[in-house]
Amino acid sequence: MFEEPYRWAEAVSNRREYLEDQLQSGSPVVALPCIEGILLLSVSAGTQKVYEIYDRVALGALGHPADVERLRNIVIDMAHLEGFNRSPSDVSARRLVQFGLAPPVKQAFEEIGRAPYIARLLIAELGKDQSRIFYSLNYDGVFKETHTGLVLATPGEATERCESALKNCEGLENRAMSEVFGEAFKLWGLAEVAEDSRESHLRDVLKDREIEAMLLSESVPGPCKVRPLSKTEMMTFSQPWRAPA
Amino acid sequence: MIAGNFLDLLKQEHSPFVSAPNLLHTAPASTQTALTSATTILAFKYREGLLIAGDRRATAGNMVMFDRADKVIDIDRHSVMAIAGSPATAFEMARVLSHSFQYYRRSQLQDLSLEGKVRALSRLLKENVPAAVQGIGTVVPIFVAYDPENAQKHIYFYDMLGAEFEVVDFATTGSGSPGIRGVLHFYNRWNSEPISALSQDDAVVLAMRLLETAAEHDSATGGIKTAAQVFPTVKTITEEGVRSLSLANLKSLYHEKVENRHV
């Protein structure tokens, strides 16, 4: 069936269409720098979207929960084996993405006889030098590094909208997490709907869904620098969208 | 299928630590080599939480190998392990435990139960039995944990075969422990207040006095050396988590209430 190169390329192209279609209903994930470190935020309807991976690494995912789970387990296994066999200092987002995640994701995408991973991932790392590193990993294995923040949106228009909005968010690393939380929530809204209907969408969302947020911060005691935000913190920070319009 | 079990993951990856029992088939039945070992550790419950402490000396036979060993090791936010015995094996056990608990929590998206944590250490000790009976890696630890959900304090001690015992008030192990076990019993039974009623500062003072007592009678237990700034490792575990007592804090309490006779 795929003996001719053209047919293989066509099959891959069809697969891309299928995956982008499957990802359209996913809830976006936002990761932004803040003065405390890195804030990851999403809104979930039950399934967890933001995960702790290692002492200084967190992951956000958009896609099929079972595929996200498979990838999450791959990266957790790799991080813990590396941290144990060498040192926790040797566990880095770059190595996890470049050597742990991207190759199997690409392989699954291009092996037409296999099911691809229906997932896009965001990996954030708070460096010991206080650097903030963000990686996005696409369903085809393509990954990108950035230092200014990342929005994992559904492919197409939403991604372009968010990339453009993110460029306008300057100096986030000098702003407090409580403020950046609001920016992250607004970016999440922009990844869902166009700007003119964003505010009403954010208010509607909070009626039956819950914000999920995680902070990577040097101030967290102990070697693990990841902590989920408490319900009280999230209620306080999202108050502007909870109060009557 | 691995379900949050880091030890199984290590076995799958042929980690040298979990292959240690193979020594039984290859090493001689006994060894004349003096191995580094470590000495007096203790734990007790005080008013606000748990205290766990250990001296800093590591010895090999009659030789003092090191006087700044840390034998009290954080395992996670609410549990600490202290080791008596072979540091080489014990430090590795602590690393396995620490990674196991974190691995379980991160992969299974929930904390490992306290029973699960206690058994994990028991399993490591059982796996180490072949090495221990050959005299090349005996470990006799104390494991303490604060359960923040129920505000409960737990102290367990183990034998080298992996049997675990939960104690009510205190535990001591290591070569210097016989000398202080009786002191702790006496103190707890006839002092004006039991150990569990002590404030944190008083608990730290008691720990330092006990370790100095152990060092007085056991050459393998290191005493407190103020000139060299060698003080015991002392940690507390409360609802807020594990806290290591700073050198400044220990020095101040030592000078105030341990160094000189004080009632």
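Sequence order sets the numbering: in each chain, residues are counted from 1 along the sequence as written. Throughout, the order in which chains and ligands are written sets their labels, letters from A for the former and numbers from 1 for the latter. Local features are withheld for residues below a pLDDT of 70 in this predicted model, meaning they are given only at 70 or higher, and side-chain atom pairs are given and counted only at 80 or more; totals for whole chains, interfaces and linings count all residues. In computing side-chain values, all of the structure's heavy atoms are included and hydrogens and water are not.

## Here we look at helix 6 (residues 177-190) of chain B
Residue and element names in this part refer to chain B.
Argument step 1. Numbering of helices and strands starts at the N terminus; helices are DSSP runs of H or I of at least 4 residues and strands are runs of E of at least 2. Take the residue count of a helix, subtract one, and multiply by 1.5 Å to get its expected span. With 14 residues, helix 6 should reach 20 Å at 1.5 Å per residue; the first-to-last C-alpha distance of 20 Å fits that figure.
Argument step 2. The buried label applies to any residue whose accessible area, calculated with a 1.4 Å probe on protein chains only, is under 20% of its type's maximum; exposed applies above 50%, and partly exposed to all values in between. Buried residues of helix 6: Ser 177, Ile 180, Leu 184 and Asn 188, and no others. When helix 6 is viewed along its axis, its buried side chains cluster within an angular range of 75 degrees and face the same direction. Opposite the buried face of helix 6, at more than 90 degrees from it, the exposed residues are Pro 178, Phe 186, Arg 189 and Trp 190.
Argument step 3. A contact between two residues is defined here by any heavy atoms of the two lying within 4.5 Å. At its buried positions, helix 6 is contacted by strand 2 (41-45), strand 11 (170-173) and helix 7 (200-217). Comment: arc refers to directions from the helix axis out to C-beta atoms.

## Focus: the sheet that holds strand 13 (residues 241-244) of chain B
All names here are of chain B.
Argument step 1. Only strands joined by at least two bridges in the DSSP assignment are considered to pair. Judged by pairing direction, the sheet is antiparallel, and its five strands sit side by side in the order 11-2-3-12-13 without closing on themselves. The outermost strands of the open sheet, each flanked by one partner alone, are strand 11 and strand 13. Neighbour-to-neighbour, the strand axes of this sheet turn through a mean angle of 15 degrees, independent of strand direction.
Argument step 2. With five bridges connecting them, strand 3 (residues 50-54) and strand 12 (residues 233-238) associate as antiparallel partners. Bridge assignment links Leu 50 to a residue of strand 12, and that residue is Ile 237.
Argument step 3. Only the stretch in contact is used when a helix axis is fitted, and all axes are lines through C-alpha atoms; the angle between N-to-C directions ranges over 0 to 180 degrees. Where helix 7 meets the sheet, it contacts strand 2, strand 3, strand 12 and strand 13, and its direction lies at approximately 155 degrees from that of strand 2.

## Side note on the side chain of A:His201
Residue and element names in this part refer to chain A.
Argument step 1. Within the secondary structure layout, His 201 lies in helix 6 (residues 198-208).
Argument step 2. Here Glu 192 takes part through its side chain, which lies 2.9 Å from a polar atom of the side chain of His 201.
Argument step 3. Those residues within four positions of His 201 in sequence are excluded, and the remaining contacts are Trp 188, Glu 192 and Val 193. Side-chain atoms alone can form a polar contact between residues adjacent in sequence; in general such a contact is a pair of N or O atoms within 3.5 Å, and within protein one must be able to donate a hydrogen while the other accepts it.

## Description of the sheet that holds strand 10 (residues 226-228) of chain A
Residue and element names in this part refer to chain A.
Argument step 1. Read across the open sheet, the five strands follow the order 8-1-2-9-10; overall the sheet is antiparallel. The sheet is open, and its two borders are formed by strand 8 (150-152) and strand 10, each paired with just one other strand. Neighbour to neighbour, the strand axes of the sheet diverge by 20 degrees on average, direction disregarded.
Argument step 2. Two strands pair when backbone bridges link them, and strand 1 (residues 29-34) and strand 8 are joined in this way by three bridges, in the antiparallel orientation.

## Comments concerning the environment of B:Asn5
Residue and element names in this part refer to chain B.
Argument step 1. Position of Asn 5 among the secondary structure elements: in the segment before helix 1 (6-12).
Argument step 2. Distance from Asn 5 to Val 118, taken between C-alpha atoms, is 14 Å for residues 113 residues apart in sequence.
Argument step 3. With residues up to four places along the chain from it excluded, the contact list for Asn 5 reads Tyr 103 and Arg 123.

## Considerations on the interface of chain A and chain B
Argument step 1. Listed as interface residues are 19 residues of chain A and, on the opposing side, 16 residues of chain B.
Argument step 2. Of the roughly 1500 Å² buried between chain A and chain B on both sides combined, carbon and sulfur atoms contribute 55%.
Argument step 3. Should a side-chain nitrogen of Lys or Arg be within 4 Å of a carboxyl oxygen of Asp or Glu, the pair is scored as a salt bridge. At the boundary of chain A and chain B, one finds three salt bridges.
Argument step 4. For the salt bridge of B:Arg105 with A:Glu52, the shortest nitrogen-to-oxygen distance reads 2.7 Å.
Argument step 5. The tally of links from chain A across to chain B stands at ten residue pairs in polar contact (both at pLDDT 80 or more).
Argument step 6. Take the side of chain A that touches chain B: its biggest share by element is nine residues, from helix 2 (residues 65-85) of chain A.
Argument step 7. Three classes are used: nonpolar for Ala, Val, Leu, Ile, Met, Phe, Trp, Tyr, Cys and Pro, charged for Asp, Glu, Lys and Arg, and polar for all others, with Gly counted as polar. Looking at the side of chain A that touches chain B, its residues break down into ten nonpolar, four polar and five charged. Take the accessible area each of two parts loses on contact, using a 1.4 Å probe, and add the two losses: that sum is the buried area.

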